[in-house]
Amino acid sequence: MPGWVPDHAELFDELLREAPWRQRTRTMWEKDVLEPRMVAVYDGPLPPSLEQLRATVSARYDVAFDSCLVNLYRDGNDAVAWHGDTVRKVLTNPLVVTVSLGASRRFLVRRRGGGPVLKEYAPGQGDLMVMGGAMQHAYEHTVPRQKNASGARMSITMRHSRPVGHLTDALVGPA
Ligand SMILES: O=C(O)CCC(=O)C(=O)O
């Protein structure tokens, strides 16, 4: 949904100032390399601005989003390679919510394992993207390096560890 967060610029500034940013390492070909983006992992309670987003999408999709991670692509050299989110290993058809802030970046989708780009999006400036169905099992996504990126982009990502529908189940009780 385009422009889902109207005050995206303020939220970008707030997170840039206050999120617990760090640069993680990844092991590739037996070498530790720095991941080409900054990441903020929230372990405890979320700040009110993120909690509001979390509560809204949790209610909308009837699922308790209980993990929040924010990525910062500082410029067009920062990127994330083709992958499916690892939550697919524990849940069938997980939902992954992404709210994009700042500059638009290319977001590409292909079948798992390779092949042509099937979909291309350009999320930024408050856009909401929800990946569901077999997206993490049958497809992969990437935010590639982009020479002409017009600035920094953030993606707020939310995932869940319990199946979709359990909020309603908890209210209604066992059948
Ligand atoms: O930045 C994005 O929109 C994608 C992030 C992503 O795929 C990930 O962190 O697993």
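This text goes with the structure placed above it.
In this numbering scheme, every chain counts its residues from 1 along its sequence in written order. A pLDDT threshold of at least 70 governs which residues receive local features in this predicted model, and a stricter bar of 80 or more applies before side-chain atom pairs are shown or counted, although totals over entire chains, interfaces and linings include all residues.

### With respect to the overall build of the protein
Helix and strand counts for the protein stand at four helices and 12 strands. Throughout, the radius of gyration refers to the C-alpha atoms, and the reference size of a globule is 2.2 Å times the residue count to the power 0.38. Its C-alpha atoms give the protein a radius of gyration of 16 Å, within 12% of the compact-globule value 16 Å for 175 residues. Three classes are used. A residue is buried when 20 or more other C-beta atoms lie within 10 Å of its own, exposed when 12 or fewer do, and partly exposed in between, with C-beta atoms placed from the backbone. By residue count, 23% of the 175 residues in the protein fall in the buried class. Two residues qualify as a contact pair if the distance between their C-beta atoms, derived from the backbone, is within 7 Å. For the protein, the share of sequence-separated contacts (at least 6 apart) that also reach a separation of at least 24 residues comes to 76%. Helix and strand assignments follow DSSP, with helices taken as H or I runs no shorter than four residues and strands as E runs no shorter than two, numbered in order from the N terminus.

### Observations regarding the sheet that holds strand E9 (residues 119-121)
DSSP-based pairing: two strands are paired if at least 2 bridges between them are found. With respect to topology, four strands assemble into an open sheet ordered E6-E11-E8-E9, the strand pairing being antiparallel. Every interior strand has two partners, whereas the edge strands, strand E6 (80-83) and E9, have only one. For this sheet the average axis-to-axis angle between neighbouring strands, irrespective of direction, equals 15 degrees. One ladder, built from four bridges, connects strand E8 (residues 107-111) with strand E11 (residues 139-143); its direction is antiparallel. Bridging from a neighbouring strand, Arg 110 pairs with Glu 140 of E11. Note on method: axes are straight lines fitted to C-alpha atoms, helices fitted across the in-contact stretch only, with angles between N-to-C directions ranging 0 to 180 degrees.

### A closer look at the pairing of E8
Here E8 pairs with E9 via three bridges, running antiparallel. Residue pairing in the sheet places Phe 107 in a bridge with Tyr 121 of E9.

### Section: the site of the ligand
To decide whether a residue is near a molecule or strand, its C-beta atom is placed from the backbone and checked for lying within 6 Å of it. Close contacts around the ligand come from Asn 71, Val 80, Asp 85, Thr 98, Phe 107, His 141, Val 143, Ser 155 and Thr 157, and that covers them all. Counting only elements with at least two residues in the shell around the ligand, the list comes to E11 and strand E12 (153-160). Each residue is assigned to one class: nonpolar for Ala, Val, Leu, Ile, Met, Phe, Trp, Tyr, Cys and Pro, charged for Asp, Glu, Lys and Arg, and polar for all the others, Gly among them. Here the shell around the ligand is built from residues that sort into three nonpolar, five polar and one charged.

### Focus on the sheet that holds strand E7 (residues 96-102)
Strand order in this open sheet of six strands is E1-E4-E5-E12-E7-E10, and the pairing throughout is antiparallel. The sheet is open, and its two edges are formed by strand E1 (21-22) and strand E10 (128-131), each paired on a single side. In this sheet, strand E4 (residues 38-42) lies alongside E1 in antiparallel orientation, the contact comprising two bridges. Its bridge partner being in E4, Trp 21 is matched across the sheet by Ala 40. Across the sheet, helix H1 (residues 8-18) lies against strand E5 (65-73), E7 and E12, angled at about 95 degrees from E7, the strand it touches most. This element, helix H2 (residues 48-61), spans E5, E7 and E12 of the sheet and lies at about 125 degrees to E5.

### Digging into the environment of Leu 72
Checked against the element boundaries, Leu 72 lands in strand E5. For Leu 72, a count of 21 C-beta atoms within 10 Å gives the class buried. Taking the C-alpha atoms as reference, Leu 72 lies 9.6 Å from Leu 15; in sequence the two are 57 residues apart.

### Points about the environment of Arg 153
Take Arg 153: it is sitting in strand E12. Counting along the chain gives 50 residues from Arg 153 to Ala 103, while the straight-line C-alpha distance between them is 4.9 Å. Apart from the residues lying within four places of it in its own chain, the contact partners of Arg 153 are Tyr 73, Ser 100, Gly 102, Ala 103, Arg 105 and Gly 124.

### Let's talk about the nonpolar core
Met 154 and Ile 156 are the most contacted members of the largest nonpolar core, which has 22 residues in total. Of all the secondary-structure elements, those providing two or more residues to this core are H1, H2, E5, E7 and E12. Looking at this core, the element that brings in the most residues is E5, giving five residues. Here Ile 156 is in contact with Leu 50, Leu 53, Cys 68, Val 70, Thr 98 and Val 99, once residues within four sequence places are set aside. Joining buried Ala, Val, Leu, Ile, Met, Phe, Trp, Tyr and Cys residues through C-beta atoms within 7 Å gives a set, and that set is a nonpolar core.

### Side note on H1
Along H1, the positions that sit buried rather than exposed are Leu 11, Phe 12 and Leu 15. Taken around the axis of H1, the buried residues stretch over an arc of 105 degrees, which confines them to a single face. Structural note: H1 exposes Glu 10, Arg 17 and Glu 18 on the side pointing more than 90 degrees away from its buried face. Packing partners of the buried residues in H1 comprise H2, E5, E7 and E12. Picture the helix axis, draw a direction to every C-beta atom, and the arc is the one those directions span.

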